[in-house]
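This is what each chain is made of:
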Amino acid sequence: MNRRKFLKTTGVSAASLGVAASWPTILRARRPADLISVAVMGVNSRGAALVDGFAAASDCVVRTICDVDSRAMERAVSNLVKGGYTRPEGDDDVRRVLEDPSIDALVVAAPDHWHAPVALMALQAGKHVYLEKPCSHSPAEGELLVSAQAHYGHIIQMGNQQRSAPESIEAITRIREGLIGRPYFGRAWYANSRGPIGNGQVADVPEWLNYEMWQGPAPRTAYRDNVVHYNWHWFKRWGTGEICNNGTHEIDICRWALGVDTPTRVLSTGGRFHFDDDWEFYDTQLASFEFGSDKQIVWDGRSCNGYPIYDRGRGAAIHGTEGTVIMDRAGYLAYDLGGKEIARRMRGESDAALDVRGGGDLTDLHIHNFLETVRGRATLNAPIDDARKSQLLCHLGNIAQDTGRALEIDSETGRIHDRQAMQQWSRDYALGWEMNL
Ligand SMILES: NC(=O)c1ccc[n+]([C@@H]2O[C@H](COP(=O)([O-])OP(=O)(O)OC[C@H]3O[C@@H](n4cnc5c(N)ncnc54)[C@H](O)[C@@H]3O)[C@@H](O)[C@H]2O)c1
């Protein structure tokens, strides 16, 4: 029973037990080998949910909060103290954090341009990594992380938490057993009603922000007032667009369900249709991934008009020769070709309202899977060598959209038979921040 469940079950508060500061000490004394110390990097939104999850997990201590926004860092530190946990260290420089030998794992929920570079730095410092999606900013970074993981030996779990959902695991098992015949078509979708981001102006860096470290591996540019926080998702220098932001989750589910790895052809159409502002990616996108001549995944992304598909803001539909499975974070439903329900396992309501923090049970299960793998008692549900394949699809979707061409792909390497498109295989780094194995 973990700490949160214990407190919930007994109905007593940490303060009334008088264990606030000493809980990790108790755990350490009981099972020293199992105690895992983590540092969490980036705690404004998703990272705050991860802090909650890691702090509440059995035999796990959040030892350091790392953020370049002093307000976010202080909020995360004080939330832990209020929750009855030991006060963590606070630091705005992840390089210092990685020098701390007492940290076993780095949890990364900083913006996308940081993901692969800091994951590599963490492996080189001998840490395990829980790495939020997207695991890479470019296809090259995904390749590099797989090599680095094999070289340095520590583990990387990508934060696509639906891989740890018991309902999804069951649905995939049943699809493999023939529930819908031979699965051949997957439709991944996400629909939200995001507002405009306006046209930013160059501005003074706020006193609460270490902008130099916020930029980190990204080429330097002046601070603008419509980027930090969250809006960076829609700028190519830092973000990766909706297909890598939310598409990663459901495209990964489709790839898992169809049992495919690398596509042979990728097409995309769409644009920034809803607003006229600084947003550099697409708010509307239809991307298609063909796997040989008999399997296909389609991504249907709508960032600014949240009208749901199959009553869900997000999900995956898997079609086969004998039926269809609709899957989302709450469970799955299966129908035969006549539309009759043939299977169902739903935990609650479907996720029509979209929680941008992505907290909840699935995240807790994914964290548990990560920690148990670090302890040698489980295998990862989203290891980097597999997660990288789903991420590659998303990157290829962006490249197909940018080039406006059908991309022919080498099904062994994932590389594109198109010199111009291959220019987007990797990205630029600030001097001194290049990724080197
Ligand atoms: N798995 C999920 O369900 C899920 C949900 C939401 C977000 N995410 C992912 O989590 C990441 C963060 O998303 P968000 O919405 O919280 O973004 P955000 O912009 O709200 O927060 C990012 C935080 O990282 C901090 N940061 C930036 N550079 C840093 C550095 N060098 N060191 C330490 N902290 C730094 C920022 O100050 C900020 O507090 C994204 O990559 C996103 O794709 C995953």
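Residues numbered from 1 in each chain as written. Predicted model: local features only at pLDDT ≥ 70, side-chain atom pairs only at ≥ 80, totals over all residues.

Visitor: I'd love a proper account of the domain arrangement of the chain, names of residues and values included.
Guide: With domains assigned, the chain is organised as domain 1 (3-162) and domain 2 (165-200 + 208-355 + 384-422). Computed over C-alpha atoms, the centres of domain 1 and domain 2 are 26 Å apart. Each side of the interface is counted separately: domain 1 has 28 residues, and domain 2 has 31 residues. Considering each element in turn, the side of domain 1 that touches domain 2 owes the most residues, five residues, to helix α8 (residues 139-152). Class assignment for the residues of the side of domain 1 that touches domain 2 results in eleven nonpolar, eleven polar and six charged. (Domains from an automatic or database assignment. Contact = placed C-beta atoms within 7 Å. Helix = DSSP H or I, 4+ residues; strand = E, 2+ residues; numbered from the N terminus. Nonpolar A, V, L, I, M, F, W, Y, C, P; charged D, E, K, R; others polar.)

Visitor: Before we move on, can you summarise the site of the ligand with the specific residues and values?
Guide: Near the ligand there are 31 residues, and of these G42, N44, S45, R46 and G358 occur at the shortest range. Residue assignment for the shell around the ligand shows that the elements contributing at least two residues are α4 (46-56), α7 (112-124) and α10 (211-215). Here the shell around the ligand is built from residues that sort into 14 nonpolar, ten polar and seven charged. There are two domains that each give the shell around the ligand at least three residues, and those are domain 1 (3-162) and domain 2 (165-200 + 208-355 + 384-422). (Near = placed C-beta within 6 Å.)

Visitor: So what's going on with the nonpolar core? Residues and values would help.
Guide: In this structure, V40, M41, F54, V107, V108 and A119 are the most contacted members of the largest nonpolar core, which totals 60 residues. The element that contributes the greatest number of residues to this core is α7, accounting for eight residues. If we ignore the near neighbours within four places in the chain, the residues touching M41 are C66, V94, L106, V107, V108, A109, A110 and V118. One finds A188, A287, F291 and I399 within the second-largest nonpolar core, a separate group that totals 42 residues. (Core = buried A, V, L, I, M, F, W, Y, C linked by C-beta atoms within 7 Å. Buried ≥ 20, exposed ≤ 12 C-beta atoms within 10 Å, placed from the backbone.)

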